[in-house]
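Results of the structural survey
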2 protein chains.
Amino acid sequence: MRAVASKSRMGSRGRPEQSRAAILRAAVREFAREGIAGARTDAIARAAGVNKALLYYYFKDKEALYEAVIDQVFGGLTANVHEVLARRLPPRAKILAYVGAHFDYVASNPLYPPIVHGELMRARRGSTPQFERIVKQYFRPLFTKIAEVLRDGQATGDFRQVDPMHFIPSMIAVIVFYFSSVAPVMRLMTGINPMVPERLAQRRASVLDFISAALFTHPAQQPEGEPK
Amino acid sequence: MRAVASKSRMGSRGRPEQSRAAILRAAVREFAREGIAGARTDAIARAAGVNKALLYYYFKDKEALYEAVIDQVFGGLTANVHEVLARRLPPRAKILAYVGAHFDYVASNPLYPPIVHGELMRARRGSTPQFERIVKQYFRPLFTKIAEVLRDGQATGDFRQVDPMHFIPSMIAVIVFYFSSVAPVMRLMTGINPMVPERLAQRRASVLDFISAALFTHPAQQPEGEPK
DNA sequence: ATAATCTAACTAACTGGTTACTTAAGTTGT
DNA sequence: ACAACTTAAGTAACCAGTTAGTTAGATTAT
């Protein structure tokens, strides 16, 4: 009767990958909003439009679902950012490209910073083997690459003599903090929606300006947008 | 009948303030480590060396206890920081004094940043009247005072033309991020304990250097410690 | 072709452990 | 007498995870 379009194995309701993806997407939202302890599997299932038992059909337990979320978040970031760091660019341009890419990634995935932060909080109270994996797989390579760029720029005289071990975290703080912390306060203090494109562009320019001033030896020509 | 040897386990302990304070201190630890959803009232009572019913004797419920914690955290910060901001100092010295004071406050209360962050996360998913109070009472005055200093410094030509609305959050990000996020990663990546006095001094110098470079128009004489 | 059978995908309803919070009756120091 | 506690038992809600199925398309046998 029915010409089967795809080779995919179907269930009673349709594309299984679609269901899995819906669950993951809902889990990202829920974990971002409520944190790992506050997230409710019932809420995830409801948001995904799926029975709760299906969560356990696709994922061993809440923890496994959380880890899938974590991998999606970090995987996306490193894919984006490493591509930029692999380009052949002079140190200044490369750092600005990296900062811009990192900013753009979190700006278009504003749910991710709270998730990352949640994971860091978890690591505070006892490092799991899971967290060691994340550090090895995602943090360390990123850190190493950026540290290289910093050393290059210092060698050419473009960058001030900063300690990468402290400078890199400060830089990331400036990039990410807006999304993980500033937004709600700003919304309440100014009435402005901080996630609207115009504000995001403003913030982006401000971040690039801040980091340029903190790192470059001499004032530097404008990067791309006008600084503010 | 029974000569009570110890300072007594049962009944009145004399100073009620002491019990209340013990509960609050334990609550700070628990909320910092586990977040608001993850915190367990049983754990707080046990850590305070007090029966769980006593929590409810002093605090209406978990939420009220949490709010008491929040007020302690923010109250302490503003007390410390406003004192510095009220001093008669030239803009550069005042900003550096503020950053130093803010840093010192969180460095000697490393449990506070996670609590603040938890509160901000909570505000993300729907602003409570409680959070509005916090913004009005703590955030807005602090923001206003720092913005004044920035304007002063810009008027004297000491500071670059930055937008306070973006610069202030970035500055706070650099101050706080180490405690709320970097520490666990650093411990795992380098094996170094990030909270040891030597590292803290290093971090402090680095933060002052970073912010000075980002804000001051010309390189500036060294603030107090040597920059790194 | 058709019926029988298989299997992945999915659901409604439940289970049992956990957790915030309460109650009531008593103890102790001032 | 009164405020500051302790003890112990309990309740109701909540919530992660399970169970025992149902459904629909795919495969196989006839």
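Residues numbered from 1 in each chain as written. Chains lettered and ligands numbered in written order. Predicted model: local features only at pLDDT ≥ 70, side-chain atom pairs only at ≥ 80, totals over all residues. Heavy atoms only, no water.

**Some thoughts on the interface of chain A and chain B**
In plain terms, the rule: Contact definition: two residues touch when any of their heavy atoms are within 4.5 Å. Note on terms: buried area is the combined drop in 1.4 Å-probe accessible area of two parts once they are placed together, counting the loss on both. Here, a salt bridge means any side-chain nitrogen of Lys or Arg that lies within 4 Å of a carboxyl oxygen of Asp or Glu. Any pair of N or O atoms that falls within 3.5 Å is considered a polar contact. Within protein, one atom must be able to donate a hydrogen and the other to accept it, and sequence-neighbouring residues count only if both atoms are side-chain atoms. Comment: elements are numbered from the N terminus, with helices defined as DSSP H or I runs of at least four residues and strands as E runs of at least two. Only Asp, Glu, Lys and Arg are considered charged in this grouping, and only Ala, Val, Leu, Ile, Met, Phe, Trp, Tyr, Cys and Pro are considered nonpolar; every other residue, Gly among them, is considered polar.
With 54 residues of chain A at the interface, the matching set in chain B holds 54 residues. Contact between chain A and chain B buries roughly 5,100 Å² in total, counting both sides, with carbon and sulfur atoms accounting for 66%. Seen at the junction of chain A and chain B, the total is 4 salt bridges. Put simply, R125(A) and E34(B) hold a salt bridge, and the shortest N to O gap is 3.3 Å. At the junction of chain A with chain B, the criterion picks out 21 residue pairs in polar contact (both at pLDDT 80 or more). Elements supplying a minimum of two residues to the side of chain A that touches chain B: α1 (16-38), α6 (112-124), α7 (129-156), α8 (164-190) and α9 (197-215) of chain A. Broken down by element, the residue count for the side of chain A that touches chain B peaks at 20 residues, all from α8(A). Along the lines of polarity and charge, the residues of the side of chain A that touches chain B split into 32 nonpolar, 10 polar and 12 charged.

**Side note on the packing of helix α4 (residues 62-86) of chain B against helix α7 (residues 129-156) of chain B**
Residue and element names in this part refer to chain B. Let me state the cut-off plainly: Fitted lines through C-alpha atoms give the axes, limited to the stretch in contact for helices. The angle between two N-to-C directions lies from 0 to 180 degrees. If an angle is under 35 degrees, it is roughly parallel; if it is over 145, roughly antiparallel; if it lies from 65 to 115, roughly perpendicular; otherwise it is oblique. Each crossing gets its hand from how the near helix is turned against the far one by less than a right angle, where anticlockwise is left-handed and clockwise is right-handed.
Their axes nearest at 11 Å, the elements α4 and α7 cross at an angle of 15°. Relative to α7, the element α4 is oriented roughly parallel. Taken as a pair, α4 and α7 cross one another with a handedness that is left-handed. Listed contacts from α7 to E67, I70, D71, F74, G75, T78, V81, H82 and L85 of α4 are Q130, R133, I134, Y138, F139, P141, L142, K145, I146 and V149. Among the residues forming the contact of α4 with α7, the class breakdown is 11 nonpolar, 4 polar and 4 charged.

**Some details on the packing of aromatic side chains**
In this description, a pair of aromatic rings is defined by centroid distance and the angle of the planes. Put simply, the rule is: By convention, a stacked pair of Phe, Tyr or Trp rings (six-membered ring in the case of Trp) has centres within 6.5 Å and planes under 30 degrees apart, an edge-to-face pair has planes over 60 apart, and any other such pair is tilted. Partly exposed residues are those whose accessible area sits between 20% and 50% of the maximum for their type, while under 20% is buried and over 50% is exposed, using a 1.4 Å probe and protein chains only.
Per the counting criterion, the structure on display carries 19 aromatic pairs over all chains. With 5.1 Å between their ring centres and 80° between their planes, Y57(A) and Y58(A) make a pair best called edge-to-face. Residue Y58(A) is classed as partly exposed on the basis of its relative accessible area of 23%. Taking the centre distance of 5.4 Å and the plane angle of 85° together, the rings of Y178(B) and F179(B) count as edge-to-face. Each member of the pair, Y178(B) as well as F179(B), is classed as buried. Three or more aromatic residues joined by ring pairs form one cluster here, namely F167(A), F210(A), F167(B) and F210(B).

**With respect to the nonpolar core**
The following threshold applies: Here the nonpolar core consists of buried residues drawn from Ala, Val, Leu, Ile, Met, Phe, Trp, Tyr and Cys, with membership extended through side-chain atoms lying within 4.5 Å.
Counting residues in hydrophobic clusters, the biggest one holds 143 residues, and the most contacted among them are Y98(A) and Y98(B). For this core, the leading source of residues is helix α8 (residues 164-190) of chain B, giving 16 residues. Residues within four places of Y98(A) in sequence aside, it is in contact with V81(A), V84(A), L85(A), L142(A), I146(A), M171(A), I172(A) and I175(A). In terms of nonpolar packing, the next biggest core, distinct from the first, is built from 6 residues, V185(A), L120(B), A123(B) and V135(B) among them.

**Quick look at the relation of the copies chain A and chain B**
How we decide: Each copy is superposed on the other by least squares, with the fit set by C-alpha atoms of residues at a pLDDT of at least 70 in both.
Least-squares fitting of chain A to chain B yields an RMSD of 0.2 Å, with the transformation described by 0.0 Å of translation along the axis and a rotation of 180°. Overall, the copies show the geometry of a two-fold rotation axis. For chain A, the minimum C-alpha distance to the rotation axis belongs to A214(A) and amounts to 2.1 Å. A symmetric contact is evident, with 100% of the interface residues of chain A recurring at the interface of chain B.

**Observations regarding the packing of α4(B) against helix α5 (residues 91-108) of chain B**
All names here are of chain B. Look at α4 against α5: their axes get within 9 Å of each other, and the N-to-C directions meet at 155°. Here α4 lies roughly antiparallel to α5, going by the angle between them. The chirality of how α4 crosses α5 is right-handed. Residues Q72, V73, G76, L77, N80, V81, V84 and L85 of α4 touch α5, and the partners they reach there are K94, A97, Y98, A101, H102 and Y105. Residues belonging to the contact of α4 with α5 are distributed by class as follows: 9 nonpolar, 4 polar and 1 charged.

**Describing the environment of V207(A)**
All names here are of chain A. Looking at the secondary structure, you find V207 in helix α9. Judged by its relative accessible area of 1%, V207 falls in the buried class. Separated by 17 residues in sequence, V207 and T190 place their C-alpha atoms 20 Å apart. For V207, the contacting residues outside a window of four places in its chain are V99, F103, V174 and I175.

**Side note on the side chain of R199(B)**
Defined as follows: All tallies of charge rest on Lys and Arg as positive and Asp and Glu as negative; His and the ends of each chain are not included.
With respect to the helices and strands, the residue R199(B) is situated in helix α9 (residues 197-215). Of the side chains with opposite charge, E198(B) comes closest to the buried, unpaired R199(B), at an N-O distance of 4.7 Å. Other than its neighbours up to four places away in sequence, R199(B) contacts M165(A), Y178(B), M186(B), I192(B), N193(B) and P194(B).

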